[in-house]
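Remarks on the overall topology
Residues per chain are reported as follows:
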Amino acid sequence: MRAGLRGGGLPEDAIQLVPTRDRAAVGLILVMSGVIDIIVPRGGASLIERVQRESRIPVIAHLEGLCHTYIDGAADPVKARAIVLNAKMRRVSICGATETLLVDRKVAATVLPPILADLRAAGCDLRGDPEVLALDSKVTPATEQDWRTEYLDAILAIRVVDGVEEAVAHIERFGSHHTDAIVTEDNAVAERFLREVDSAIVLVNASTQFADGGEFGMGAEIGISTQRLPPRGPVGAAELTTYKYLVRGSGQVRP
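Residues numbered from 1 in each chain as written. Predicted model: local features only at pLDDT ≥ 70, side-chain atom pairs only at ≥ 80, totals over all residues. Heavy atoms only, no water.

**Thoughts on helix H7 (residues 163-174)**
Between its terminal C-alpha atoms H7 stretches 17 Å, which fits the 16 Å expected from 12 residues at 1.5 Å a residue. Burial in H7 covers these residues: Gly163, Val164, Ala167, Val168, His170, Ile171 and Phe174. Angularly, the buried residues of H7 cover 160° about the axis, an arc narrow enough to put them on a single face. Relative to its buried face, H7 has exposed residues pointing more than 90 degrees away, namely Glu165 and Arg173. Along its buried surface, H7 packs onto strand E1 (67-71), strand E2 (98-104), strand E5 (155-161), strand E6 (179-183) and helix H8 (187-196). (Helix = DSSP H or I, 4+ residues; strand = E, 2+ residues; numbered from the N terminus. Expected span 1.5 Å × (residues − 1). Buried < 20%, exposed > 50% of the residue type's maximum accessible area, 1.4 Å probe, protein only. Arc of directions from axis to C-beta. Contact = heavy atoms within 4.5 Å.)

Encoded structure:
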């Protein structure tokens, strides 16, 4: 990045690394309000919680990606199968990987078995509620903690729900407001999901792995903001750029 700035005739020191791994430096950085304009913490939950608690500088919060995919009763089974496999297994360690799969009870018996087979063949550890276990006895029983866990691994929690209302309620209770998706051919249900799921990114008939500034056409990204005030979602150069107003007058006064 520094070489790029230098090659473009810009000051390379506009990008720098702090040459220490001492955690005490974090405490110093958080109070340097006269020098630093914004902090974007990247790391574990404990780091982000500390930064939000101690910082005297505005913070763009990038919380965990406890992402969900919901298969609606009106889902296309072929789309659902492809989307779930990609959303979980394309890259399991990124914040946009699906960690919990929700399935409408109306279609669970027909839609779930091939999806479970695909995931198992790809090396995914499956954890399900009693209704999922009734469909596949090889699935490990899920615990309450599974609904609250961002695995960042080849592990998926699966739950059967009563339609979009219960799916939205589950996401609101256990999700991290990062990225959530619905698979459905019912436009009214899709619009309800888009409207009622309070996450930075909400998708219809697409993999949660699209949660990325580059995929959104925004260029390089430094994180995905899960806060409600701007910026929210992928954060790139535009979201970090400040501005000022230049006003040139010739003696005007305001009446």
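**Thoughts on helix H4 (residues 77-89)**
With 13 residues, H4 extends 18 Å between its outermost C-alpha atoms, agreeing within 8% with the 18 Å of an ideal straight helix rising 1.5 Å per residue. Of all the positions in H4, only Ala80, Ile83, Val84, Ala87, Lys88 and Met89 are classed as buried. Tucked inside the fold, the buried residues of H4 contact E1, E2, helix H5 (108-121), E5 and E6. With a side-chain oxygen positioned 2.8 Å from the backbone nitrogen of valine 78, the residue opening H4 is aspartate 76. (Polar contact = N/O pair within 3.5 Å; in protein donor to acceptor, adjacent residues only side chain to side chain.)

**Description of the packing of H4 against H5**
Running from N to C, H4 and H5 point in directions that differ by 35°, and their axes come no closer than 10 Å. Note on packing geometry: the crossing formed by H4 with H5 is right-handed. Every residue of H5 that contacts H4 at Ala80, Arg81, Val84, Leu85, Lys88 and Met89 is listed here: Val111, Pro114, Ile115, Asp118 and Leu119. Looking at side-chain class alone, the contact of H4 with H5 contains 8 nonpolar, no polar and 3 charged residues. (Axes fitted to C-alpha atoms, helices over the stretch in contact; angles between N-to-C directions. Left-handed = near helix turned anticlockwise from the far one by under 90°. Nonpolar A, V, L, I, M, F, W, Y, C, P; charged D, E, K, R; others polar.)

**Side note on the pairing of E5**
Along E5, 6 of the 7 residues are buried, which leaves the element largely enclosed by surrounding structure. As paired elements, E2 and E5 share 5 bridges and run parallel to each other. Each residue of the ladder has a partner; that of aspartate 104, found in E5, is valine 161. As defined by bridge partners, strand E3 (residues 125-128) adjoins E5 across 4 bridges and the pair is classed as parallel. Of the residues in E5, the one forming a bridge with aspartate 125 is isoleucine 155. (Pairing = 2+ DSSP bridges.)

**Side note on the packing of aromatic side chains**
Tallying each qualifying case throughout the model produces 2 aromatic pairs. Seen from their ring centres, tyrosine 70 and phenylalanine 193 are 6.3 Å apart, and the 20° between their planes marks the pair as stacked. On the criterion of sequence distance, the pair formed by tyrosine 70 in strand E1 and phenylalanine 193 in helix H8 is long-range, its members being 123 residues apart. Neither residue differs from the other here; tyrosine 70 and phenylalanine 193 are each classed as buried. With a centroid separation of 5.9 Å and an interplanar angle of 90°, the aromatic rings of tyrosine 243 and tyrosine 245 are classed as edge-to-face. Here tyrosine 243 matches tyrosine 245 in class, with each residue exposed. (Phe/Tyr/Trp six-rings, centres within 6.5 Å; stacked < 30°, edge-to-face > 60°.)

**What about the pairing of E2?**
Most of E2 is tucked away, with 7 of its 7 residues classed as buried. Crossover E1 to E2 through H4 is right-handed. (Right-handed = clockwise from strand over helix to strand, strands pointing away.)

**Details of the environment of arginine 127**
In this structure, arginine 127 sits in strand E3. For arginine 127, a relative accessible area of 22% gives the class partly exposed. Residues arginine 127 and arginine 42, spaced 85 residues apart in sequence, show a C-alpha to C-alpha distance of 29 Å. Of the polar contacts made by the side chain of arginine 127, one reaches the side chain of aspartate 146; its length is 3.0 Å.

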